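Now for the letters of each chain:
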Amino acid sequence: MEGGHYGEDLFPPDRAGEAERIDYGALAYDAVSRARLAALGVGPGWRCLDVGAGTGTISRWLAEEAGADEVLALDRDPRFVRPAQDSVLRTMTGDITDPALDPGRFDLVHCRFVLMHLPQHAEVLARLAGWVAPGGWLVVGDALDLTTADSPHTAYRRVMEAMWQVLRDTIGTDVTWMTDYPHILSRLGLADVGAEVVLPPLTVDAPITAFWKNTWLSMRDALESGGALTASELDEALDYLSSPSLADLSPGLITAWGRRPGP
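Definitions and cut-offs
Residues numbered from 1 in each chain as written. Predicted model: local features only at pLDDT ≥ 70, side-chain atom pairs only at ≥ 80, totals over all residues. Heavy atoms only, no water. Helix = DSSP H or I, 4+ residues; strand = E, 2+ residues; numbered from the N terminus. Rg over C-alpha atoms; globule rule 2.2 N^0.38 Å. Buried < 20%, exposed > 50% of the residue type's maximum accessible area, 1.4 Å probe, protein only. Areas by Shrake-Rupley, 256 points an atom, 1.4 Å probe, with all protein chains shown as cover. Phe/Tyr/Trp six-rings, centres within 6.5 Å; stacked < 30°, edge-to-face > 60°. Lys NZ or Arg CZ within 6 Å of the ring centre and 35° of its normal. Pairing = 2+ DSSP bridges. Axes fitted to C-alpha atoms, helices over the stretch in contact; angles between N-to-C directions. Contact = heavy atoms within 4.5 Å. Disulfide = S-S within 2.5 Å. Core = buried A, V, L, I, M, F, W, Y, C linked by side-chain atoms within 4.5 Å.

This part is about the overall build of the protein. A count of helices and strands for the protein gives eight helices and nine strands. Computed over C-alpha atoms, the radius of gyration of the protein comes to 18 Å, within 12% of the 18 Å expected from 2.2 N^0.38 for 263 residues, which places it in the range of a compact globule. The dimensions of the protein, computed from C-alpha atoms along their principal axes, are 55 × 40 × 35 Å. Relative to its 263 residues, the protein shows a buried fraction of 51%. Looking at the protein as shown, the accessible area adds up to about 11300 Å², and 51% of this sits on carbon and sulfur atoms.

Following this line, the structure appears as structure tokens:
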């Protein structure tokens, strides 16, 4: 089926370990995202919107360390954001696929690992760009798999490929269009467009490795149903992620950014 929902058909937030799984992804990539946002000058005086805030690691950093004046964490289920008492961080429950949603205008609109899961990503991306105030920045990031096809480890390669296929068939995830991000942002009228790609190495103790382990285990039934993947293949791939012989580059993060022209 296509057109399901992240958090419903896969990765329900109430499932044991789901917040921990999301946090492993944050541990893997937050330093990259923070460095990019800092390079764009985020700080005092800025109003920031963190779309698909998850467990709120970037939202809290913007509020508590970057020193933004206002941070709004937007998510369909923002319960895990947990703002500190008296923080400038607040939460908003909303679905960015809803055309009526309008949280306001911001100096920074940040969105990571969300658009890849939305078949209507082009419409939503245009909506996000419309929430950027003149002179402000849109920063978007998604998964980009440049490495799986060349992995010499058969079970790892098969499980990763099966995972992307299940995600696409179940909730509409598509990680094939991300290299077009700079062109898309330019067509949306943004200036000073840039992009970067980070491909973290898979090592036994790395957060990204733990993220994939937890993701595959969460999806185990879906991965094994239909006969595309056997239990033994999945177990072999999981063992590989815990093995001293582990030697692969993970699928990575592409981050793209552009500025709304204006003062």
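In the structure shown here, the tally under the stated rule is six aromatic pairs. Aromatic ring contacts, followed pair by pair, group Y156, W216 and Y240 into a single cluster. Stacked on the ring of W257, the Lys or Arg R36 has its end atom at 3.8 Å from the ring centre. For R47, the ring lying beneath its charged end belongs to F106, and the centroid distance is 4.7 Å.

With that out of the way, let us pick up the environment of M92. Relative to the elements of secondary structure, M92 occurs in strand 3 (residues 89–93). In the structure, M92 is positioned 137 residues away from L229 in sequence and 39 Å away in space, judged by C-alpha atoms.

Attention now moves to the sheet that holds strand 2 (residues 70–75). If you walk across this open sheet you meet the seven strands as 3-2-1-4-5-9-6, and the pairing is mixed. The two strands at the open ends of the sheet, each matched to only one other strand, are strand 3 and strand 6 (191–198). Here the strands of the sheet are splayed against their neighbours by 15° on average, with no regard to which way each runs. Bridging between strand 2 and strand 3 involves five bridges; their strand directions are parallel. Of the residues in strand 3, the one forming a bridge with V71 is L89. Sitting on the sheet, helix 1 (residues 18–39) touches strand 4 (106–112), strand 5 (132–144), strand 6 and strand 9 (252–259), and the angle it makes with strand 4 is about 155°. Against the sheet, helix 3 (residues 121–130) contacts strand 1 (47–51), strand 4 and strand 5, and its axis sits at roughly 145° relative to strand 5.

This model, assessed by the stated rule, comprises zero disulfides. In this model C48 remains outside any disulfide bridge; the closest cysteine sulfur is found in C111, 14 Å from its own. Exposure remark for C111: the relative accessible area of 1% places this residue in the buried category.

This brings us to the nonpolar core. Judged by nonpolar contacts, the single largest core of 62 residues is most densely connected at L115, L128, L138, W212 and W216. For this core, the leading source of residues is helix 4 (residues 154–171), giving 10 residues. One finds L37, L40, W46 and L108 within the second-largest nonpolar core, a separate group that totals 20 residues.

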